Amino acid sequence: MKKALLVAALISLLSACSNTNENVERVPEKSPAALFEDAQELLEVGNFSSATKTLEALSSRYPFGPHANQVQLDLIYAYYKLGETAQALATSDRFIRLNPTHPDNDYVLYMRGLTNLEADQEVLQNLLGIDRSDRDPNLAQQAFEDFSKVLGRYPNSKYAPDARQRMIYIKERLAKHELSVARYYIKRQAYIAAANRGRYIIETFSDTSSTEGALEVMVQAYDKLGLQDLKADAQATLRLNFPENPLAQNS
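Residues numbered from 1 in each chain as written. Predicted model: local features only at pLDDT ≥ 70, side-chain atom pairs only at ≥ 80, totals over all residues. Heavy atoms only, no water.

> Run through the overall build of the chain, naming residues and quoting values.
Of the regular secondary structure elements, the chain holds twelve helices and zero strands. Ordered by position in the sequence, the α and β elements of the chain form the string α-α-α-α-α-α-α-α-α-α-α-α. Classification of the 251 residues of the chain by burial places 38% in the buried group. Excluding contacts between residues fewer than 6 apart, the proportion of contacts in the chain whose partners are at least 24 apart in sequence is 55%. (Helix = DSSP H or I, 4+ residues; strand = E, 2+ residues; numbered from the N terminus. Buried < 20%, exposed > 50% of the residue type's maximum accessible area, 1.4 Å probe, protein only. Contact = heavy atoms within 4.5 Å.)

Next up, the structure:
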């Protein structure tokens, strides 16, 4: 079984390499300057598939050409626009690793964040408005870290304001996920886990819309655990911030 899986993986890898080579071979033989100009024109008109093939050919044929760094930056953008998450992230990581002091690294980190954030979105949620806050937040967390690096390392970057706004959105997303987990624990009668998760939301995401729900979970969990003092504290905080909430009243 393991041997079969290994053979399948090798076939897949060879096929991918073959496809890349075919893409490079289909691009006409031109000078680096001419290929670069072609790629720029394709990017400008939004033909990202052809632009990617041209940029890949340029990178393969002239890896140390005069436009080498810009080619990689353009590839990151083209991969992102095509939804090629793995390639965009790999190219971003390689660029930073090989060019740790490059002046465009703020852009690379920003694009890395956009790529992770885009991958976190789901078609059903975007098109049908379905709330899937319970899904794995790993990509959202990585995007948050990417944007945080932009702000931390390049506070004056032109990408910093947008990165900051996207972090606010991601924080809401992460808080909703934690609240979804906390409510799941309530349903499973795992009250200690629910209370701890609620407290984590209050401590980490106090500036999000999930704080009311987190306090509700804490009141419910402490009540079931018979921890009346802790329930009263959570209830008092709920009453102070959300006085109309039904659980805010003493019972």
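> Explain unusual backbone geometry to me, and be specific about the residues and the numbers.
Not every positive phi belongs to a glycine, and glutamine 189 is a case in point at roughly 60 degrees. Structurally, glutamine 189 can be placed in the loop between α9 (160-187) and α10 (191-204). Its relative accessible area of 57% is what places glutamine 189 among the exposed residues.

> Outline the packing of aromatic side chains, supporting the account with residue identities and numerical values.
In this structure the tally under the stated criterion is six aromatic pairs. Centre to centre, the rings of tyrosine 110 and tyrosine 159 are 4.9 Å apart; their planes meet at 25 degrees, and the pair counts as stacked. Here tyrosine 159 lies in the loop between α8 (138-153) and α9 and tyrosine 110 lies in helix α6 (residues 105-120), a separation of 49 residues in the sequence. Judged by relative accessible area, which is 10%, tyrosine 110 ranks as buried. Relative accessible area serves as the criterion here: at 18%, tyrosine 159 is assigned to the buried category. An aromatic cluster of three or more residues is present, and its members are Tyr107, Tyr110, Phe147 and Tyr159. (Phe/Tyr/Trp six-rings, centres within 6.5 Å; stacked < 30°, edge-to-face > 60°.)

> Describe the side chain of aspartate 106, naming the residues involved and giving the relevant values.
Along the polypeptide, aspartate 106 turns up in helix α6. For the buried aspartate 106, no salt bridge is present, and the opposite-charge side chain at shortest range is lysine 158, 7.3 Å distant. At a separation of 2.7 Å, a polar atom in the side chain of aspartate 106 contacts the side chain of serine 157. Apart from residues no more than four positions distant in its own chain, aspartate 106 is found in contact with Val150, Tyr154, Ser157 and Tyr159. (Lys, Arg positive; Asp, Glu negative; His and termini not counted. Salt bridge = Lys/Arg side-chain N within 4 Å of Asp/Glu carboxyl O. Polar contact = N/O pair within 3.5 Å; in protein donor to acceptor, adjacent residues only side chain to side chain.)

> Any details on the nonpolar core? Residues and values, ideally.
Ranked by size, the top nonpolar core spans 41 residues in total, and within it Tyr110, Met111, Phe147 and Ile170 carry the most contacts. If you list the elements that add at least two residues to this core, you get α4 (68-82), α6, α8, α9, α10, α11 (211-225) and α12 (228-241). Sorting elements by how many residues they give to this core places α9 first, with nine residues. If near-sequence neighbours (up to four positions away) are discounted, methionine 111 is found in contact with Ile76, Tyr77 and Tyr80. In this structure, Phe36, Leu58, Val71 and Leu75 belong to the second largest nonpolar core, which totals eleven residues. (Core = buried A, V, L, I, M, F, W, Y, C linked by side-chain atoms within 4.5 Å.)

> Mind laying out the confidence of the model for the chain, listing which residues take part and the relevant values?
Confidence in the prediction of the chain, expressed as mean pLDDT, is 88, and 84% of residues score 70 or more. In the predicted structure, residues 1-20 sits below a pLDDT of 50 and forms zero contacts with residues beyond four places in sequence or in another chain. (pLDDT = per-residue confidence, 0-100.)

> Tell me about the environment of glutamine 141, and name the residues and values.
Structurally, glutamine 141 can be placed in helix α8. Expressed as a C-alpha distance, the spacing of glutamine 141 and isoleucine 170, which sit 29 residues apart in the sequence, is 7.7 Å.

> Lay out a nonpolar patch on the surface in plain terms, naming residues and giving numbers.
On the surface, Ile192, Leu225, Leu227 and Leu230 cluster together into a nonpolar patch covering about 330 Å² of accessible area. For leucine 225, the location among the structural elements is in helix α11. (Patch = residues over 30% accessible without salt bridge, like charges linked within 9 Å, V, L, I, M, F, W, Y side chains within 5 Å. Areas by Shrake-Rupley, 256 points an atom, 1.4 Å probe, with all protein chains shown as cover.)

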